[in-house]
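# Coordinate analysis (summary)
What follows is each chain in one-letter form.
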Amino acid sequence: MSSDLLTITGLGVEIAGLPVLSEVSLALPSHGVLGLVGETGSGKSLTCRALMGLLPRIGGKVSDGSITFDGTTLTGLDESGWARVRGRQIGFVPQASLNALDPVMTVGEQLREAVSHLDSGAEVKARCLELLELVRLPQPQEVLRRYPHELSGGMRQRVMIALALAGRPRLLVADEPTTALDVTVQKAILEVFADLRTSTGMSLLLVTHDLGVVVDVADSVAVMYGGTVVEFGSAREVMTNPSHPYTAALLGARPATRTLGERLTTIPGVPAVPGQWPDGCRFAPRCAFARDECRAVQPALLAVDEHRARACHGWLGTSEEAVVHV
Amino acid sequence: MSEVLLEVVDAEFRYARGLPPAATGINLQVRPGDSVGIVGESGSGKTTVGRGLVGSLFPSSGSVLVQGRGWKGVRRRDPVRRIVQMVFQDPYASLNPMLSAQATVAEVIRVWDGAKPSVAASRAEQVLAEVGLTGEVIRRRPALLSGGQRQRVGIARALACEPQVLVADEPTSALDVSVQANVLNLLLDLKASRGLALVLISHDLSVVDYLTDRALVMLNGEVVEHGDTHTLLQNPSHEYTKTLISSIPGSSLANA
Ligand SMILES: Nc1ncnc2c1ncn2[C@@H]1O[C@H](COP(=O)(O)OP(=O)(O)OP(=O)(O)O)[C@@H](O)[C@H]1O
Ligand SMILES: Nc1ncnc2c1ncn2[C@@H]1O[C@H](COP(=O)(O)OP(=O)(O)OP(=O)(O)O)[C@@H](O)[C@H]1O
Ligand code: SF4
Ligand SMILES: [Mg+2]
Ligand SMILES: [Mg+2]
């Protein structure tokens, strides 16, 4: 689609020769919000790293497929090409941002550096304060003087978001940006993202494990499992009426579905990790609907209807049945 | 009444003399099998209270007693340290970057049990399996693990000490719901089988509701509301608690 700001097509990534992502495909229209969800270790953060050109730093490389941003192919850019994209075109809030700040520089020093580097026209001091206010940090003057270890987890996380927004990016890639925030601040930050989308047209790729957040803020969602995208489509459709057994099982494991003292439903078996991906469908060892075909042939991500695509040979059950009680 | 494992009396915590207190007026008793939630605003002092409970920060006034004694006189290898363990909010910073997941867990088993390296290594493997980490992954260093994998290494390290009290600061914040469910089930089992007491600091109110009997709500360094978790969440009395509950995302996803 020509209106898409970002398209990832059949992306494969290897680290030290080991395939860690394969056949990752998704698209994000301009002004859009895409939620990226999936099991821990399923490849969400590696997808973000690929998108930021940060794979070489961990000894990884794109082995297959392409990433296109605003009509330009990013895969294949050299480091100076990436440097022009990062920060200004695509802002990044890395996961575990709690320790991504430089421990020996104050928040003010780090913000000033980012602002003067990314936003040449800005009046630096004013812009730094504006950014801290934007991410709802109380007493921004005071925060500027602090070192990262003198802030709470959620305060550091908001500083990271401020840094990512410093270059007024057209796309923000945020990898679990609100894990250290209470729900009221989380809500405020998600509103900030929504405001930026309205005022500047910023798009958002939001990695989260909070399915409630996906329903609230995302237009579309990509569900990852075992280094690949297994379901992609309208967030509302996918989250209320999942078409892939893994998505259905994920929805059934939420604590909100159980009462105190009752054991939570889990997905039996262990996650598929790189190097140990099974043949055929990677979810087959844990899927209640697996049959011979599933174990032999890896399903491709294909459209089910106009709202979504899924990688599954077909599953006729209901979401209740997908959750195997153990 | 069973023995009190941890007792906090009118404690105040400060990071430096010139700074305002990060938490004040904290009172809490923890007995075997208790499970207490701490929720509240970001920056309100929850982690600070957690640090006070495990003795890594001393109160500037009031007291924190572990089995009846203050933390101040407790030496590094005193066995009482073993019974109160903390899972840190920031798993990355709290893990030794040079040690694999297995070596990280084996180290505490060696230190506390004096186990032989081979014995410690195989026990470590068992504990890691309990939090869902198996296979080649456990031989990786933190940098090669995903966020959720690292978080589980931190949980396994704390559980390997066989603590009587676990202070867990956002223990499942990097976990997807299905792995989170495994970890929560494990904590529930340990509570039932060994009387593990839990102090759970979490932004996830459904996790707090699911796992704890009592809860404290913090705002600006103070406890603004406390009581039976379920009642508190159903029937909040403080304005802040009400706002907190009304901000829970995904109301349209409600209960399946
Ligand atoms: N630098 C690395 N070298 C080798 N393997 C890695 C590296 N980083 C991650 N992996 C592995 O690749 C897989 C995907 O990791 P990734 O960090 O993308 O997961 P994730 O979906 O973000 O998980 P989480 O929700 O836990 O953050 C995991 O099995 C992880 O162990
Ligand atoms: N090492 C430190 N030195 C000085 N001030 C600190 C230090 N650690 C925390 N603070 C301050 O103490 C207050 C409480 O921080 P704390 O980490 O306890 O909050 P929290 O409730 O855990 O927040 P979050 O939910 O964001 O993790 C904050 O204002 C913070 O800036
Ligand atoms: S392809 Fe088969 S094993 Fe895989 S999710 Fe679909 S039904 Fe289950
Ligand atoms: Mg991740
Ligand atoms: Mg904290």
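All values derive from a computational prediction rather than experimental measurement.

The axes of two packed helices give the description: the angle between them and the distance between them. All names here are of chain B. Where helix α4 (residues 101-113) meets helix α5 (residues 117-130), the axes come as close as 8 Å, and the angle between the chain directions of the two elements is 120°. By the criterion of interaxial angle, the relationship of α4 to α5 is oblique. Taken as a pair, α4 and α5 cross one another with a handedness that is right-handed. Facing α4, whose interface residues are A101, Q102, V105, A106, I109, R110 and D113, α5 presents P117, A120, A121, R123, A124, E125, V127 and L128. Residue classes in the contact of α4 with α5 are distributed as ten nonpolar, one polar and four charged.

Attention now moves to the site of ligand 1. With respect to spatial proximity, 21 residues lie near ligand 1, and among them A:G41, A:S45, B:R140, B:S146 and B:G148 are the closest. Separating an oxygen atom of ligand 1 from a backbone N or O atom of B:G148 is a distance of 2.6 Å. Out of a free accessible area of 630 Å², ligand 1 has 95% covered by protein chains. Residue assignment for the shell around ligand 1 shows that the elements contributing at least two residues are α1 (44-51) of chain A together with α6 (147-160) of chain B. Grouping the amino acids of the shell around ligand 1 by side-chain chemistry returns seven nonpolar, ten polar and four charged.

Right, let's talk about the sheet that holds strand β10 (residues 222-228) of chain B for a bit. In any sheet, the strands associate via hydrogen bonds between backbone groups, in a parallel or an antiparallel arrangement. Residues and elements named next belong to chain B. Sheet architecture is open: six strands sit in the order β6-β7-β8-β3-β9-β10, paired in mixed fashion. At either margin of the open sheet sits one strand with a lone partner, and together these are β6 (84-87) and β10. Between one strand axis and the next, the sheet turns by 15° as a mean value, whatever way the strands run. In terms of strand pairing, β6 meets strand β7 (residues 165-169) through four bridges, oriented parallel. Looking across to β7, one finds that M86 is bridged to V167. Packed onto the sheet, α6 meets β6 and β7 and runs at close to 175° relative to β6.

Let us now look at the interface of chain A and chain B. Each partner contributes to the interface: chain A provides 54 residues, whereas chain B provides 58 residues. Across the chain A/chain B interface, buried area totals approximately 4100 Å², and carbon plus sulfur atoms make up 57% of it. In this assembly, chain A and chain B are joined by zero salt bridges. Where chain A touches chain B, the interface holds twelve residue pairs in polar contact (both at pLDDT 80 or more).

Residue and element names in this part refer to chain B. Put simply, α5 and α6 touch, their axes get as near as 9 Å, and they point 125° apart. In this view, α5 runs oblique relative to α6, as classed from their interaxial angle. For the pair α5 and α6, the crossing hand works out as right-handed. Within the contact between the two elements, α5 uses R123, V127 and L128 and α6 uses V153, A156, L159 and A160.

The next thing to look at is the domain arrangement of chain B. Residues and elements named next belong to chain B. Structurally, chain B comprises domain 1 (1-83 + 163-256) and domain 2 (92-162). Look at where the C-alpha atoms of domain 1 and domain 2 centre, and you get two points 24 Å apart. Each partner contributes residues to the interface: domain 1 has 20 residues there, and domain 2 has 14 residues. Looking at the side of domain 1 facing domain 2, the largest losses of area belong to R82, P163 and L186, adding up to 42% of the total buried there. Where domain 1 touches domain 2, the interface holds one salt bridge.

What follows is about the coordination of the magnesium ion (ligand 4). All names here are of chain A. On the protein side, the magnesium ion (ligand 4) has S45 (OG) and Q95 (OE1) as donor atoms, found 2.0 to 2.1 Å from it. Remark: Q95 occurs in the loop between β6 (90-93) and α3 (107-118) and S45 occurs in helix α1; sequence separation between them is 50 residues. By relative accessible area, S45 is classed as partly exposed at 25%.

Moving on to empty space enclosed by the protein. Residue and element names in this part refer to chain A. Taken as a whole, this structure holds four cavities of 30 Å³ or more when the rule is applied. The volume enclosed by the second largest cavity comes to roughly 90 Å³. Lining the second largest cavity we find 14 residues, and of these P245, C281, C287, C294 and C312 sit closest to its centre. Looking at side-chain class alone, the lining of the second largest cavity contains ten nonpolar, three polar and one charged residues.

Rules behind the numbers
- Residues numbered from 1 in each chain as written.
- Chains lettered and ligands numbered in written order.
- Predicted model: local features only at pLDDT ≥ 70, side-chain atom pairs only at ≥ 80, totals over all residues.
- Heavy atoms only, no water.
- Axes fitted to C-alpha atoms, helices over the stretch in contact; angles between N-to-C directions.
- Helix = DSSP H or I, 4+ residues; strand = E, 2+ residues; numbered from the N terminus.
- Parallel < 35°, antiparallel > 145°, perpendicular 65-115°, else oblique.
- Left-handed = near helix turned anticlockwise from the far one by under 90°.
- Contact = heavy atoms within 4.5 Å.
- Nonpolar A, V, L, I, M, F, W, Y, C, P; charged D, E, K, R; others polar.
- Near = heavy atom within 4 Å.
- Polar contact = N/O pair within 3.5 Å; in protein donor to acceptor, adjacent residues only side chain to side chain.
- Areas by Shrake-Rupley, 256 points an atom, 1.4 Å probe, with all protein chains shown as cover.
- Pairing = 2+ DSSP bridges.
- Buried area = accessible area lost by both parts, 1.4 Å probe.
- Salt bridge = Lys/Arg side-chain N within 4 Å of Asp/Glu carboxyl O.
- Domains from an automatic or database assignment.
- Donors = N, O, S within 2.8 Å, 3.2 Å for Na, K, Ca; no water.
- Buried < 20%, exposed > 50% of the residue type's maximum accessible area, 1.4 Å probe, protein only.
- 1 Å grid on protein atoms, 1.4 Å probe; cavity = no way out; pocket = protein on both sides within 12 Å on 5 of 7 lines; lining within 4 Å.
- Points joined across faces, edges and corners; volume = space filled by probe spheres on them.

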